[in-house]
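Examination of the molecular architecture
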Amino acid sequence: MRCYDCLQEARSDTTGIGVCSRCGLATCENHARVRQVQVTHQIGMGASYGRIPARRVVCHTCDMAETAH
Ligand SMILES: [Zn+2]
Ligand SMILES: [Zn+2]
């Protein structure tokens, strides 16, 4: 599995460590951004947050797109 961002930069010596949850492309340790996300549980009409955060991997490009204002 090759990191897509590394391929764009013509680097092929890196190994993908995960798959971006937004674009679905493989990403490497350098380009991946691992985020903690709260999981909501539906309780009746309301929602509560779980005590343990879940994990989500996004690539560098999607991370920039999500955080850019
Ligand atoms: Zn990379
Ligand atoms: Zn992505």
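Before going into details, it helps to say that this report is about the structure given with it.

So, how was this worked out
- Residues numbered from 1 in each chain as written.
- Chains lettered and ligands numbered in written order.
- Predicted model: local features only at pLDDT ≥ 70, side-chain atom pairs only at ≥ 80, totals over all residues.
- Heavy atoms only, no water.
- Helix = DSSP H or I, 4+ residues; strand = E, 2+ residues; numbered from the N terminus.
- Donors = N, O, S within 2.8 Å, 3.2 Å for Na, K, Ca; no water.
- Tetrahedral: all angles 85-135°; square planar, octahedral: opposite > 155°, others 65-115°.
- Buried < 20%, exposed > 50% of the residue type's maximum accessible area, 1.4 Å probe, protein only.
- Salt bridge = Lys/Arg side-chain N within 4 Å of Asp/Glu carboxyl O.

1. Re unusual backbone geometry
Positive phi values are uncommon outside glycine, yet Ala-10 reaches one of about 60°. Mapping Ala-10 onto the fold places it in the loop between helix H1 (4-8) and strand E1 (16-19).

2. Brief notes about the coordination of the zinc ion (ligand 1)
Those donors, Cys-3 (SG), Cys-6 (SG), Cys-28 (SG) and His-31 (ND1), are the protein atoms that reach the zinc ion (ligand 1), and they lie 1.9 to 2.3 Å from it. One way to put it: the 4 donor atoms around the zinc ion (ligand 1) meet at angles of 108 to 111°, and that makes the site tetrahedral. On the primary sequence, the residues serving as donors to the zinc ion (ligand 1) are separated as C-x2-C-x21-C-x2-H. Here the residue Cys-6 occupies a position in helix H1, and His-31 occupies one in the loop between strand E2 (26-28) and strand E3 (32-37), the gap between them amounting to 25 residues. His-31 carries the same exposure label as Cys-6, and that label is buried.

3. Quick look at the coordination of the zinc ion (ligand 2)
Summarising the metal site, the zinc ion (ligand 2) is bound by the protein donors Cys-20 (SG), Cys-23 (SG), Cys-59 (SG) and Cys-62 (SG), whose distances to it range over 2.3 Å. Geometry at the zinc ion (ligand 2) is tetrahedral, judged from its 4 donor atoms and the angles of 104 to 116° they form at the metal. Read N to C, the donor residues that coordinate the zinc ion (ligand 2) are spaced as C-x2-C-x35-C-x2-C. Here Cys-62 lies in helix H2 (residues 60-67) and Cys-20 lies in the loop between E1 and E2, a separation of 42 residues in the sequence. Among the residues examined, Cys-20 registers a relative accessible area of 2% and is labelled buried. Judged by its relative accessible area of 9%, Cys-62 falls in the buried class.

4. Some words on the pattern of salt bridges
Overall, the coordinates contain 5 salt bridges when judged by the stated rule. Between Arg-35 and Glu-66 there is a salt bridge; the shortest N-O distance is 3.1 Å. Residue Arg-35 is found in strand E3, and its partner Glu-66 is found in helix H2; the two are separated by 31 residues along the sequence. We classify Arg-35 as partly exposed; its relative accessible area is 24%. We note a salt bridge from Arg-56 to Glu-66, for which the minimum N-O separation is 3.2 Å. Taken together, the residues span a long stretch of sequence, with Arg-56 in strand E6 (residues 54-59) and Glu-66 in helix H2 at a distance of 10 residues.

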